[in-house]
Amino acid sequence: MSLGGSSMGSGTTTVRRAFEFGRTHVVRPKGKHQATVVWLHGLGDNGASWSQLLETLPLPNIKWICPTAPSQPISLFGGFPSTAWFDVTELSENAQDDLEGLEASAAHVASLLSTEPTDTTSLYSATCFALGKYNNGNPYPANISAAVGLSGWVPCSKTLNSRLEGKDEAARRAASFPILLCHGKGDDVVPFKFGERSAKALSSSGFRDVTFKVYNGLGHYTTPEEMDDLCTWFNSKLGLEGRS
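Residues numbered from 1 in each chain as written. Predicted model: local features only at pLDDT ≥ 70, side-chain atom pairs only at ≥ 80, totals over all residues. Heavy atoms only, no water.

(A) Region of the structure containing the overall build of the protein chain. The secondary structure content of the protein chain amounts to 7 helices and 13 strands. In terms of overall dimensions, the protein chain is globule-like: its C-alpha atoms have a radius of gyration of 18 Å, near the 18 Å expected for 244 residues. A burial count over the protein chain gives 46% of its 244 residues as buried. Long-range contacts, defined here as pairs at least 24 residues apart, represent 70% of the contacts in the protein chain between residues at least 6 apart. Accessible area for the protein chain stands at about 11600 Å²; split by element, carbon and sulfur atoms hold 50% of it. Charged side chains in the protein chain number 21 positive and 24 negative. The centres of these two groups are separated by 4 Å. (Helix = DSSP H or I, 4+ residues; strand = E, 2+ residues; numbered from the N terminus. Rg over C-alpha atoms; globule rule 2.2 N^0.38 Å. Buried < 20%, exposed > 50% of the residue type's maximum accessible area, 1.4 Å probe, protein only. Contact = heavy atoms within 4.5 Å. Areas by Shrake-Rupley, 256 points an atom, 1.4 Å probe, with all protein chains shown as cover. Lys, Arg positive; Asp, Glu negative; His and termini not counted. Charge placed at Lys NZ, Arg CZ, Asp CG, Glu CD.)

Given below as structure tokens:
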């Protein structure tokens, strides 16, 4: 799928980036289809690698959709291209958020969910769902019911509280929206403090059902313990049944 184009403003043309998303891998449910999860891989990865792991989880009623991010120049890598859902300028609290990339990816996720039942998806999409719109004001079309984040962070967390403040419907959605964040204290790629501060930012902005799981010694990878916690959380929050 390709997203891009141009926009007009004040008599000038602003050229938007074109985003060519890679192959999407789908893991079909082995039992009754009760939920769909869009699983977004990390920087430099692809949908295939995660689909192989997710297929082994004891969650037979979930359909997994594993898209592949566009390959694009990454500022953190000196402009060297990598698969990424948005440009990463630096791993810093003061890093500039790539809103154009974030919203192109959120739109791609929404398109993947357009024919699915109630869903689970990414953290940025969760904030769009709560607000009912993208940052640019366009309506957010997908209906989602939960979000998870492993070894990551919430983009645009510095402005999240002000964006939700005074918006009753957004506050209602946020208050009942479950989020699971998992982070290892030994993460040398995305520091633990990023996950910790993301959990606090979500909670202080009105997301009342935020679970933050901490793993001592865990680096920037996953473990069977983390996957077990993920499965338990999914079963609880999505009300999944057995294999029938």
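Next, the rest of the story.
(B) Main features of the nonpolar core. Y140, L164, F177, I179, L202 and F207 are the most contacted members of the largest nonpolar core, which totals 41 residues. Mapped onto this core, the elements with two or more residues apiece are α2 (99-112), α3 (123-131), β11 (144-150), α4 (157-164), α5 (168-175), β12 (178-184) and α6 (192-204). Counting residues per element, this core draws most heavily on α3, at 7 residues. Beyond its immediate sequence surroundings of up to four residues, L164 is in contact with A130, L131, A170, S205 and F207. Ranked by size, the runner-up nonpolar core spans 24 residues in total, among them A35, V37, L57 and L240. (Core = buried A, V, L, I, M, F, W, Y, C linked by side-chain atoms within 4.5 Å.)

(C) Expanded view of α3. A large share of α3 lies buried, amounting to 9 of its 9 residues. Listed as buried for α3 are L123, Y124, S125, A126, T127, C128, F129, A130 and L131. Where the residues of α3 are buried, they touch α2, β10 (119-121), β11, α4, α5 and β12. Positioned one or two residues after α3, G132 has a phi angle of 80°, which is positive.

(D) Structural view of the pairing of β11. Of all 7 residues in β11, 5 are buried; the element is thus mostly enclosed. Where β10 and β11 come together, 3 bridges link them in parallel fashion. When the bridges of β11 are listed, T121 appears paired with A147. Read as a crossover between parallel neighbours, the route from β10 over α3 to β11 is right-handed. Pairing analysis gives 4 bridges linking β11 to β12, with the strands arranged parallel. Its bridge partner being in β12, L150 is matched across the sheet by C182. (Pairing = 2+ DSSP bridges. Right-handed = clockwise from strand over helix to strand, strands pointing away.)

(E) A look at the layout of surface pockets. Quantified by volume, the largest pocket comes out at close to 1000 Å³. What lines the largest pocket is a set of 37 residues, and nearest its centre among them are L40, H41, G42, L150 and G152. Listed by contribution, the elements that provide at least two residues to the lining of the largest pocket are β6 (35-38), α2, β10, α3 and β11. The residue inventory of the lining of the largest pocket, partitioned by class, reads 23 nonpolar, 12 polar and 2 charged. (1 Å grid on protein atoms, 1.4 Å probe; cavity = no way out; pocket = protein on both sides within 12 Å on 5 of 7 lines; lining within 4 Å. Points joined across faces, edges and corners; volume = space filled by probe spheres on them. Nonpolar A, V, L, I, M, F, W, Y, C, P; charged D, E, K, R; others polar.)

(F) Representation of the side chain of S122 within the structure. Within the fold, S122 resides in the loop between β10 and α3. With residues near it in sequence (within four places) discarded, S122 still touches L40 and A147.

(G) How the structure looks around the pairing of β12. The buried fraction of β12 amounts to 7 of the 7 residues, a majority that puts the element mostly inside the structure. Residues of β12 alternate between two faces, with P178, L180, C182 and G184 on one and I179, L181 and H183 on the opposite face, all of them buried. Crossover β12 to strand β13 (residues 209-215) through α6 is right-handed.

(H) Summary view of the confidence of the model for the protein chain. Across the protein chain, pLDDT averages 89, with 93% of residues at or above 70. This stretch, residues 5-13, has a pLDDT under 50; its non-local contacts, to residues over four places away or in other chains, come to 11 contacts. (pLDDT = per-residue confidence, 0-100.)

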